[in-house]
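Observations on the model geometry
Below are the chains, spelled out letter by letter.
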Amino acid sequence: MNIGIIGGGWSGFAAAVELARAAHPVTVYEAGRVLGGRARRMGGSPEASGGPSFDNGQHILAGAYSETLRLMETVSSGSSTSGFLRLPLALDYPDGVRIRAPRLPAPLHLAAALLFARGLTLAEKISAIRFMQALKRIGFAPDTDMSVAEALAGQPTAVRRYLWESICVAALNTPIEQASFRVFARVLQDALTGKAANSDFLIPAQDLSALFPEPAAAWLERNGGKVKTRTRISSLQRSGQQWKVLWDDGEAVHDRIVIATAPAHAIDLLSPLNDCRELVRNLDTLSYQPILTVYADYPALPAFPTPLIGWVDPVPLFIFDMRASRGLANTIAVVASAEGPHLDWDDARWINEIDARMQQAFGPLPPPRLIRRVTEKRATFTCAPGMFRPSLTTPCQDLFLAGDYVAGPYPATIEGAVRSGVQCAQTLLATP
Ligand SMILES: Cc1cc2nc3c(=O)[nH]c(=O)nc-3n(C[C@H](O)[C@H](O)[C@H](O)COP(=O)(O)OP(=O)(O)OC[C@H]3O[C@@H](n4cnc5c(N)ncnc54)[C@H](O)[C@@H]3O)c2cc1C
């Protein structure tokens with residue numbers, strides 16, 4: 001089978017690597033110049049620009065991202081974890097609360113993290129433990145879905161805001177009032193149960209394209225595959241028993257096609273196909289959430305208590321020490337997930353907001369210099385109860401979908417994208 005994959009993001013390369021491992025010739029078509037989609041380096045390669053490279057948004061992965069780590073190992077010669085700064089779970093808020101997991105076997109690491117948390121009363125800690133126990137009793141699989149805010153109704157404010165809301169907004173990129181409790185429960189199950197290392201934070205130590213998409217492209221080319229960048233597929237046409245893909249100045253035919261794009265781009269490709277009308281109507285019901293990253297630097301940056309510190313007011317916001325993760329002198333990345341009033345802040349307001357928080361954490365400092373502000377308006381789908389998620393197969397023969405939004409228990413994350421790519425390859429290979 002000769003397979004065309006439209007989209008050179010993490011899901012597209014996950015599918016491509018799995019298909020090439022089964023000895024099928026694969027071509028990946030990527031519209032952009034840089035591989036990686038919504039998790040990529042901005043601009044050219046660091047060697048070409050001569051300066052540090054920044055991503056389209058600061059990402060954080062988790063020790064529980066097992067499929068991502070497995071595929072990274074497949075395509076690179078070294079260990080997958082060498083690409084990351086690995087930290088035990090730590091939620092460190094300079095305004096008081098500090099939750100840190102010690103290096104103990106699970107579940108002792110979590111029990112200790114909660115019991116020794118700073119800034120929470122004993123009653124608040126017990127409430128958090130009870131919430132986890134209640135989830136464990138139902139196997140982390142609520143019968144009916146509801147919003148995370150509804151599910152947290154009995155939780156004290158401090159536990160809700162500093163623990164659950166922060167995790168929910170970071171993982172689901174959706175405000176708790178809209179977020180799916182079922183998906184949230186699954187995230188907690190994966191990150192907080194099983195091995196203690198599952199809850200580790202993995203902060204990329206390289207740019208995101210260099211972490212997986214580029215080594216995957218090189219591996220693919222060594223294994224009989226092709227990667228075509230700057231090739232936006234404009235349409236798909238059935239041609240006998242095959243699919244024809246067309247772009248600006250070329251075309252090719254494939255026996256099978258995987259559309260591994262974000263949902264909005266999948267809609268563009270599927271809309272002209274009669275059999276996919278209902279699928280397109282359903283995809284049109286998806287809504288999206290932004291993620292905003294500000295990169296800034298200081299003349300001299302003080303030592304951080306841990307490479308990642310956070311605030312909850314007025315919106316959950318995290319500051320990463322890029323010196324620790326990427327070796328970038330005196331540079332920070334500030335991330336605000338999901339919708340909120342911060343989307344209206346201009347550069348001057350951001351400098352003030354960052355300045356105030358950094359001074360709260362470290363005492364007097366000169367104001368930061370803003371390097372770059374990146375807003376990804378459609379970073380992820382809104383992960384709401386009952387939202388439509390398509391299956392890997394489509395009503396059209398030999399046409400498959402992969403991507404963080406296809407059916408699965410995960411929110412829109414790198415691991416969700418990679419798993420969908422792997423499952424898509426398995427489904428494609430099993431379909432006559
Ligand atoms: C700012 C930001 C921060 C994030 N933070 C995190 C995080 O901390 N942790 C985490 O796990 N996840 C995070 N995510 C989510 C994660 O990046 C995505 O879930 C994941 O990258 C989606 O991968 P994908 O392959 O499904 O889709 P995409 O990355 O969207 O890949 C699709 C690719 O298809 C290409 N394409 C589209 N149309 C065509 C066409 N017609 N022809 C050819 N190519 C086409 C696009 O250019 C793109 O490269 C974040 C996302 C953003 C935007």
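Residues numbered from 1 in each chain as written. Predicted model: local features only at pLDDT ≥ 70, side-chain atom pairs only at ≥ 80, totals over all residues. Heavy atoms only, no water.

1. Regarding empty space enclosed by the protein
To keep it simple, the criterion reads: Of the grid points, spaced at 1 Å and generated over the protein atoms alone, those admitting a 1.4 Å probe that cannot get out make up cavities, while open sets with protein on both sides within 12 Å along at least five of seven lines make up pockets; any residue with an atom within 4 Å of a point is treated as lining. Grid points are joined across faces, edges and corners, and a volume is the space filled by probe spheres set on the points. Basically, the charged four are Asp, Glu, Lys and Arg, the nonpolar ten are Ala, Val, Leu, Ile, Met, Phe, Trp, Tyr, Cys and Pro, and anything else, Gly included, counts as polar.
Across all of its chains, the model carries 1 cavity of 30 Å³ or more by this definition. Quantified by volume, the largest cavity comes out at close to 30 Å³. Taken together, D55, Q58, H59, P204 and R326 form the lining of the largest cavity. The residue inventory of the lining of the largest cavity, partitioned by class, reads 1 nonpolar, 2 polar and 2 charged.

2. Some details on helix α15 (residues 414-430)
Quick note on the threshold: Here a strand is any run of E in DSSP of at least two residues, a helix any run of H or I of at least four, and the numbering for each starts at the N terminus. Helices are assigned an expected span. That span is 1.5 Å times one less than the residue count. In what follows, a contact means two residues having at least one pair of non-hydrogen atoms within 4.5 Å.
Between its first and last C-alpha atoms α15 spans 24 Å; for 17 residues at 1.5 Å apiece the expected length is 24 Å, and the two agree. Where α15 is buried, its residues touch β1 (3-6), α1 (10-21), β3 (61-62), α3 (66-75), β12 (256-259) and β18 (399-401).

3. A closer look at the packing of helix α5 (residues 122-137) against helix α8 (residues 181-192)
What counts is decided by this rule: Axis definition: a line fitted to C-alpha atoms, limited for helices to the stretch in contact. Angles are taken between N-to-C directions and run from 0 to 180 degrees. What sets the label is the angle itself: under 35 degrees gives roughly parallel, over 145 gives roughly antiparallel, 65 to 115 gives roughly perpendicular, and the rest give oblique.
Where α5 meets α8, the closest approach of the two axes is 11 Å, and the angle between their N-to-C directions is 100°. Taken together, α5 and α8 sit at an angle that is classed as roughly perpendicular. Contact with α5, carried on its side by F131, M132 and L135, involves F181, A185, L188 and L192 of α8 and no other residues of that element.

4. Considering the pattern of salt bridges
To keep it simple, the criterion reads: When a carboxyl oxygen of Asp or Glu lies within 4 Å of a side-chain nitrogen of Lys or Arg, that pair is called a salt bridge. Buried residues are those whose accessible area, probed at 1.4 Å on protein chains only, stays under 20% of the maximum for their type, while exposed residues exceed 50% and partly exposed ones sit between those limits.
Tallied over the full model, the rule gives 24 salt bridges. With a closest N to O distance of 2.7 Å, R41 and E214 form a salt bridge. With R41 in the loop between β2 (26-29) and α2 (46-49) and E214 in helix α10 (residues 213-222), this pair connects stretches of sequence that are 173 residues apart. Judged by relative accessible area, E214 falls into the partly exposed class, the value being 27%. Measuring nitrogen to oxygen at the nearest pair gives 2.8 Å for the salt bridge that ties R357 to E353. Here R357 pairs with E353, and both are found in helix α14 (residues 347-362), just 4 residues apart, close to one helical turn. Both residues of the pair, R357 and E353, count as buried. If you follow the salt bridges from partner to partner, you end up with E18, R21, E67 and R70 in one network.

5. Here's the deal with the site of the ligand
Under the convention used in this document: Here a residue counts as near a molecule or strand whenever at least one of its heavy atoms sits within 4 Å of it. Nitrogen and oxygen atoms within 3.5 Å of one another constitute a polar contact, given that in protein one can donate a hydrogen and the other can accept it, and given that sequence-neighbouring residues count only through two side-chain atoms. Note that accessible areas follow from Shrake-Rupley with a 1.4 Å probe, and for residues the cover is restricted to the protein chains shown. For each domain, the first and last residues come from an automatic or database assignment.
The full set close to the ligand counts 34 residues, and S11, E30, R38, Y65 and D404 are the nearest of them. I60 places a polar main-chain atom, nitrogen or oxygen, 2.8 Å from an oxygen atom of the ligand. In the model, an oxygen atom of the ligand is placed 2.7 Å from a nitrogen or oxygen of the Y65 side chain. Protein chains bury 94% of the 1,000 Å² of accessible surface belonging to the ligand in isolation. When residues of the shell around the ligand are traced back to their parent elements, those giving at least two are α1, β17 (369-381) and α15. Classifying every residue of the shell around the ligand gives 15 nonpolar, 14 polar and 5 charged. The two domains that each donate at least three residues to the shell around the ligand are domain 1 (3-56 + 207-286 + 386-430) and domain 3 (288-381).

6. Thoughts on the domain arrangement of the chain
Going by this rule: By buried area we mean how much accessible surface two parts lose on assembly, using a 1.4 Å probe and totalling the loss over both.
Taken as a whole, the chain is organised into domain 1 (3-56 + 207-286 + 386-430), domain 2 (89-199) and domain 3 (288-381). Just the C-alpha atoms count here: the centres of domain 1 and domain 3 sit 31 Å apart. Taken together, the contact pairs 19 residues of domain 1 with 14 residues of domain 3. Here domain 1 packs against domain 3, burying approximately 1,400 Å² in sum over the two surfaces, 62% of which is carbon and sulfur. By the criterion of area lost to domain 3, the three top residues of domain 1 are M42, F54 and N56, representing 38% of everything that side buries. Linking domain 1 with domain 3 are 2 salt bridges, by the criterion used here. Here R40 and E376 are joined by a salt bridge, their closest N and O atoms 3.9 Å apart. One can count 5 residue pairs in polar contact (both at pLDDT 80 or more) joining domain 1 with domain 3. When the residues that make up the side of domain 1 that touches domain 3 are grouped by side-chain class, the tally is 11 nonpolar, 2 polar and 6 charged.

7. Quick notes on the packing of aromatic side chains
Inclusion rule: Only the six-membered ring of Trp is used, alongside the rings of Phe and Tyr, when aromatic pairs are assigned; centres must lie within 6.5 Å, and planes under 30 degrees apart are stacked while those over 60 apart are edge-to-face, with the rest tilted.
Taken as a whole, this structure holds 9 aromatic pairs when the rule is applied. Both rings, one in F131 and one in F181, keep their centres 6.4 Å apart while their planes meet at 45°; by these two values the pair is tilted. Of this pair, F131 sits in helix α5 while F181 sits in helix α8, and the two are 50 residues apart along the sequence. Accessibility expressed as a relative area gives 10% for F131, which makes it buried. Accessibility expressed as a relative area gives 7% for F181, which makes it buried. Taken together, the ring pairs in this structure connect Y93, Y162 and F318 into an aromatic cluster.

8. Points about the packing of α1 against α15
Which entries qualify depends on this criterion: Crossing chirality is assigned from the near helix's rotation relative to the far helix, an anticlockwise turn below a right angle marking it left-handed and a clockwise turn marking it right-handed.
For the pair α1 and α15, interaxial distance at closest approach is 7 Å and the crossing angle is 35°. For the element pair α1 and α15, the recorded crossing hand is right-handed. Of α15, the residues touching α1 (which contributes W10, S11, A14, A15, E18 and L19) are I414, A417, V418, S420, G421, V422, A425, L428 and L429. For the contact of α1 with α15, a count of residues per class yields 11 nonpolar, 3 polar and 1 charged.

9. Description of the layout of surface pockets
Once rolled over the atoms, a probe with the size of a water molecule shows which space is left empty. Estimates place the volume of the second largest pocket at around 410 Å³. Together, 20 residues line the second largest pocket, and P107, L110, A111, M132 and L192 are the ones closest to its centre. The set of elements that each furnish at least two residues to the lining of the second largest pocket consists of α4 (108-115), α5 and α7 (157-172). No other element matches α4, which puts 5 residues into the lining of the second largest pocket. When the residues that make up the lining of the second largest pocket are grouped by side-chain class, the tally is 16 nonpolar, 3 polar and 1 charged.

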